[in-house]
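# Notes for the structure review
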Amino acid sequence: MDASDWNARYDTSELIWKGEPNQFLPLEVADLTPGSAVDLACGEGRNAVWLAKQGWTVTGVDFSSVGVEKGRKLATENGVEATWVVADATSWEPPSAGFDLVAVFYLQLPAVERRASMHTAVRSLAIGGTLVLVGHDLLNLTEGHGGPQDPTFLLTAEDIVDDLTAAEVSLDVELVIEKSERVDRVVATEDGERTAIDTLVRVRRVA
Ligand SMILES: C[S@@+](CC[C@H](N)C(=O)[O-])C[C@H]1O[C@@H](n2cnc3c(N)ncnc32)[C@H](O)[C@@H]1O
């Protein structure tokens, strides 16, 4: 889906992803001191707004202008401020100071673009900063609930670690992989609870 497809999808009065953060985000940032954060592919801003409410100074980036406007509105409704940027995650130039936290949740891209987006994510990390990525795992296609049904847009923890290693070499930085795993996400449906299978990767930049 390109930006105009996402604009069309977000062109509703309701929030598609609802206003609550993804269930893994609070757990993954619980041990971090709020500082600067970027939410790459922020969509309608649920995670960016939640981070701002926890005291993070947040930038939300997405190539959907409609999504970004909904994020801006969600922030206002929640009484918090954030910086909102309409940009492509595969080519966005982050500020040189970098961010203490880079969040990438359910950015669904084919392999070449995914690798470019991981390059942007690593470039966005300040030294000492943490990157948290959550995405739909390839195994979800056959054993999990919902998510994209085209394997082109699914990933594995190994794919992300490979992408991050390539970015580490090309940007001459040093990363420590803290988590790289499959995680189950409980999804409430009309037919009861279902389990979706996600990839979760958490990385710290040490140099
Ligand atoms: C499934 S949504 C997830 C949104 C948000 N991260 C969340 O968890 O609520 C995927 C988002 O990725 C964005 N996106 C897809 N490709 C992108 C790209 N190349 N650059 C920036 N945003 C992109 C879409 O516009 C959409 O908002």
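Residues numbered from 1 in each chain as written. Predicted model: local features only at pLDDT ≥ 70, side-chain atom pairs only at ≥ 80, totals over all residues.

### Digging into the site of the ligand
Surveying the vicinity of the ligand reveals 20 residues, the closest of which are Trp6, Ala41, Gly43, Phe63 and Ala89. Its residues assigned to classes, the shell around the ligand shows ten nonpolar, seven polar and three charged. (Near = placed C-beta within 6 Å. Nonpolar A, V, L, I, M, F, W, Y, C, P; charged D, E, K, R; others polar.)

### Observations concerning the pairing of strand β7 (residues 192-205)
Note: strand β5 (residues 125-136) against β7, seven bridges, orientation antiparallel. By the bridge assignment, Gly135 is partnered in β7 with Thr199. Between the antiparallel neighbours strand β6 (residues 175-189) and β7 lie two residues. (Pairing = 2+ DSSP bridges. Helix = DSSP H or I, 4+ residues; strand = E, 2+ residues; numbered from the N terminus.)

### Section: the UniProt feature "domain: Methyltransferase" (unreviewed entry) in the protein
UniProt feature "domain: Methyltransferase" (unreviewed entry): in the numbering of this structure it lies at residues 38-129. Taken end to end, residues 38-129 has its terminal C-alpha atoms 11 Å apart, with 37% of it in helix and 27% in strand. (UniProt positions renumbered as here; feature names shortened; annotations may be inferred.)

### Some remarks on helix α3 (residues 46-53)
The buried fraction of α3 is high, at seven of eight residues. Here α3 has its buried residues at Arg46, Asn47, Ala48, Val49, Trp50, Leu51 and Ala52. In the core, the buried residues of α3 are packed alongside α2 (24-29), β1 (36-40), β2 (57-62), α4 (65-77) and β4 (99-105). Looking one or two residues beyond α3, the residue adopting positive phi is Gly55, at roughly 105°. (Buried ≥ 20, exposed ≤ 12 C-beta atoms within 10 Å, placed from the backbone. Contact = placed C-beta atoms within 7 Å.)

### Some words on the pairing of β2
Burial analysis of β2 places five of its six residues in the buried class, the great majority of the element. Summarising the sheet, β1 and β2 pair through five bridges and their orientation is parallel. Note on β2: the bridge partner recorded for Ala37 is Val58. Assessed by its sense of winding, the connection that carries the chain from β1 through α3 to β2 is right-handed. Where β2 meets strand β3 (residues 83-86), four bridges bridge the pair, whose relative direction is parallel. From the neighbouring strand, Val61 faces β3, where its bridge partner is Val85. Taking the sense of rotation as the criterion, the β-α-β connection linking β2, α4 and β3 turns out right-handed. (Right-handed = clockwise from strand over helix to strand, strands pointing away.)

### Structural notes on the packing of helix α1 (residues 3-10) against α4
Contact geometry for α1 and α4: axes closest at 7 Å, N-to-C directions at 45°. When the interaxial angle is binned, α1 and α4 end up oblique. For the pair α1 and α4, the contacting residues are Trp6, Asn7 and Tyr10 in the first and Ser65, Val66, Gly67 and Lys70 in the second. (Axes fitted to C-alpha atoms, helices over the stretch in contact; angles between N-to-C directions. Parallel < 35°, antiparallel > 145°, perpendicular 65-115°, else oblique.)

### Section: the nonpolar core
In terms of nonpolar packing, the biggest core is built from 47 residues, with Ala37, Leu40, Ala52, Val102, Ala103 and Val104 touching the most fellow members. With six residues, the single largest contributor to this core is β4. What Val104 contacts, discounting residues up to four positions off in sequence, is Leu40, Ala41, Ala121 and Leu133. (Core = buried A, V, L, I, M, F, W, Y, C linked by C-beta atoms within 7 Å.)

### Some words on the sheet that holds β6
The mixed open sheet is built from seven strands, whose spatial order is β3-β2-β1-β4-β5-β7-β6. Looking at strand neighbours, the two that pair on one side only are β3 and β6, the edges of this open sheet. Strand-to-strand twist across the sheet, computed as the mean angle between neighbouring axes with direction ignored, equals 15°. When β1 meets β4, the two strands line up parallel, connected through four bridges. When the sheet's bridge partners are listed, Asp39 is paired in β4 with Ala103. Each of β1, β4 and β5 touches helix α5 (residues 111-123); the most contacted strand, β1, lies at about 170° to it. Packed on one face of the sheet, helix α7 (residues 157-171) meets β5, β6 and β7 and runs near 145° to β6.

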